[in-house]
Amino acid sequence: MIPNLLWKDEILYQSKKLIKIYKDELEYLDMYEYAKNCKEEKNDGAIGGKNEEETKKHFSERFLTSSARVQFVVLDPKKHFLEISKDLKSTFSSGRISVLDIPCGTGAGILSLLSNLAELRQFSKVPRLPIFIDILGGDYSKSALDIYVKLLNNIKLELENDLIYINYDFFEWNASDMVSTNFLTTKWLKDEDKYEEFYILMSAFSGVGSNNYKKFEESFKFIQNRICHKPSTIIFIEPNTKESNIFMKLLEKTYTVLSWLIGKEESTNGDRFNWYDEIRNNTAKSEVLVKQYSRK
């Protein structure tokens, strides 16, 4: 079911579509040599920065690590995410969907999702039906948002070859500020009646989220309450670290009181998967922890 270009000999290979736009942006930022030679961070949940230089470093060091985790969930080559992967591919099979991507960073999560869906369509592994996806990316870093929009723009035509049509916008979001969260959701839901489903993608949030959860909890609740009347799903995709497990436990306490949601949690259960890093020309290892809540 998985093309050999993406999974071969127990190694995950990232989409050529994604790698091309990533390499091009590294070169534009004059960060290609830095990305090629930087050492892998010990903290798999490392967080990005507010200023431009921190954003460029994080983009160079961590982008492919984050995108590999999302890809591993989408493709599910080792059958760790049977239900969640199936749900995800079903949601993004056809129709019109509105995605809230928070915190979006430079776009590793959504770009991995979209590029791998396109690869599966190209190789006839999933139905090739028209799908229209409107995306709102929210993040506190303006420099990250600039890269985010540019990368989506650069992959847009490639996706359309496989009948994936995207529109996108961005919002400078402060997750600890309820006014900011209110503006974010108002912007996201301004045309809510035209969508068949709403999808919230949260990935690589645990690095900051585990230590600052109380600051963000009200925003999480507010966003979920705003779409309680709509077909919706929220998915958290994180590295399987100590911080992530703390973050997931805190999420469970928050979301279990929202009685209209059904929760699912799946992980690699300590099984580290191999993925090929085309920039550093080596094989890296990672783990994934996923939690999903859907409206009943």
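Preceding this paragraph is the structure being described.
Residues numbered from 1 in each chain as written. Predicted model: local features only at pLDDT ≥ 70, side-chain atom pairs only at ≥ 80, totals over all residues. Heavy atoms only, no water.

Asks: Got a minute to help me understand the overall build of the protein in this structure?
Replies: Within the protein one finds ten helices and eleven strands. Taken against the 2.2 N^0.38 rule, which gives 19 Å for 296 residues, the C-alpha radius of gyration of the protein at 18 Å falls within 12% of a compact globule. With 296 residues in all, the protein has 56% of them scored as buried. Partitioning the contacts of the protein with sequence separation of at least 6, the portion at a separation of at least 24 is 79%. Accessible area of the protein: about 12,900 Å², with a carbon and sulfur share of 49%. Across the protein, 42 positive and 44 negative side-chain charges occur, with their mean positions spaced 3 Å apart. (Helix = DSSP H or I, 4+ residues; strand = E, 2+ residues; numbered from the N terminus. Rg over C-alpha atoms; globule rule 2.2 N^0.38 Å. Buried < 20%, exposed > 50% of the residue type's maximum accessible area, 1.4 Å probe, protein only. Contact = heavy atoms within 4.5 Å. Areas by Shrake-Rupley, 256 points an atom, 1.4 Å probe, with all protein chains shown as cover. Lys, Arg positive; Asp, Glu negative; His and termini not counted. Charge placed at Lys NZ, Arg CZ, Asp CG, Glu CD.)

Asks: Looking at this structure, I do not really get the packing of aromatic side chains. What am I missing?
Replies: Here the structure, examined in full by the defined rule, presents 20 aromatic pairs. Arranged with centres 4.9 Å apart and planes meeting at 70°, the rings of Tyr22 and Phe59 form a pair that is edge-to-face. Separated by 37 residues along the polypeptide, Tyr22 in helix H1 (residues 16–28) and Phe59 in helix H3 (residues 52–75) bring together distant segments of the chain. Among the residues examined, Tyr22 registers a relative accessible area of 1% and is labelled buried. Take Phe59: its relative accessible area is 1%, and that puts it in the buried class. (Phe/Tyr/Trp six-rings, centres within 6.5 Å; stacked < 30°, edge-to-face > 60°.)

Asks: Quick question: what am I supposed to make of the pairing of strand S7 (residues 232–238) here?
Replies: If a strand is regular, its side chains alternate between the two faces of the sheet. Burial analysis of S7 places seven of its seven residues in the buried class, which makes it a mostly covered element. Side chains Ser232, Ile234, Phe236 and Glu238 project from S7 onto one buried face, and the interleaved Thr233, Ile235 and Ile237 project onto a second face that is buried too. As defined by bridge partners, strand S6 (residues 197–203) adjoins S7 across six bridges and the pair is classed as parallel. Pairing of Ile200 across the sheet is with Ile234, part of S7. As defined by bridge partners, S7 adjoins strand S11 (residues 289–295) across six bridges and the pair is classed as antiparallel. When the sheet's bridge partners are listed, Ile234 is paired in S11 with Tyr293. (Pairing = 2+ DSSP bridges.)

Asks: Where do I start with the side chain of Ser232 in this structure?
Replies: Considering the arrangement of structural elements, one finds Ser232 in strand S7. Setting aside its immediate chain neighbours within four residues, Ser232 contacts Phe198, Gln224, Ile227, Tyr293, Ser294 and Arg295.

Asks: It is not clear to me how the nonpolar core should be interpreted in this structure. Could you clarify?
Replies: The nonpolar side chains of a soluble globular protein tend to be buried, and buried together. Phe92 and Ile110 are the most contacted members of the largest nonpolar core, which totals 58 residues. What Phe92 contacts, discounting residues up to four positions off in sequence, is Ile97, Val99, Leu113, Leu117, Arg121, Ile131, Ile133 and Tyr199. Phe171, Leu184, Met248 and Leu251 belong to the second largest nonpolar core, which has 29 residues in total. (Core = buried A, V, L, I, M, F, W, Y, C linked by side-chain atoms within 4.5 Å.)

Asks: Help me understand the sheet that holds strand S4 (residues 131–139) in this model?
Replies: Strands pair in a sheet through their backbones, by hydrogen bonds, and they do so in one of two ways: parallel or antiparallel. Spatially, S5-S4-S3-S6-S7-S11-S8 is the arrangement adopted by the seven strands of the open sheet, whose pairing is mixed. In this open sheet, the two edge strands, each paired with only one partner strand, are strand S5 (164–172) and strand S8 (261–267). Pairwise comparison of adjacent strand axes, ignoring direction, gives a mean angle of 15° for this sheet. Running at roughly 120° to S8, helix H4 (residues 82–91) makes contact with strand S3 (95–101), S4, S6, S7, S8 and S11 of the sheet. Each of S3, S4, S5 and S6 is contacted by helix H7 (residues 178–188), which is oriented at about 155° to S5, the strand it contacts most. (Axes fitted to C-alpha atoms, helices over the stretch in contact; angles between N-to-C directions.)

Asks: Please clarify how the pairing of S5 should be interpreted in this entry.
Replies: When S4 meets S5, the two strands line up parallel, connected through nine bridges. Opposite Ile131, over in S5, you have Ile164 as the bridge partner. The handedness of the S4 to S5 crossover, carried by helix H6 (residues 142–160), is right-handed. (Right-handed = clockwise from strand over helix to strand, strands pointing away.)

Honestly, it's all geometry; don't read function into it.
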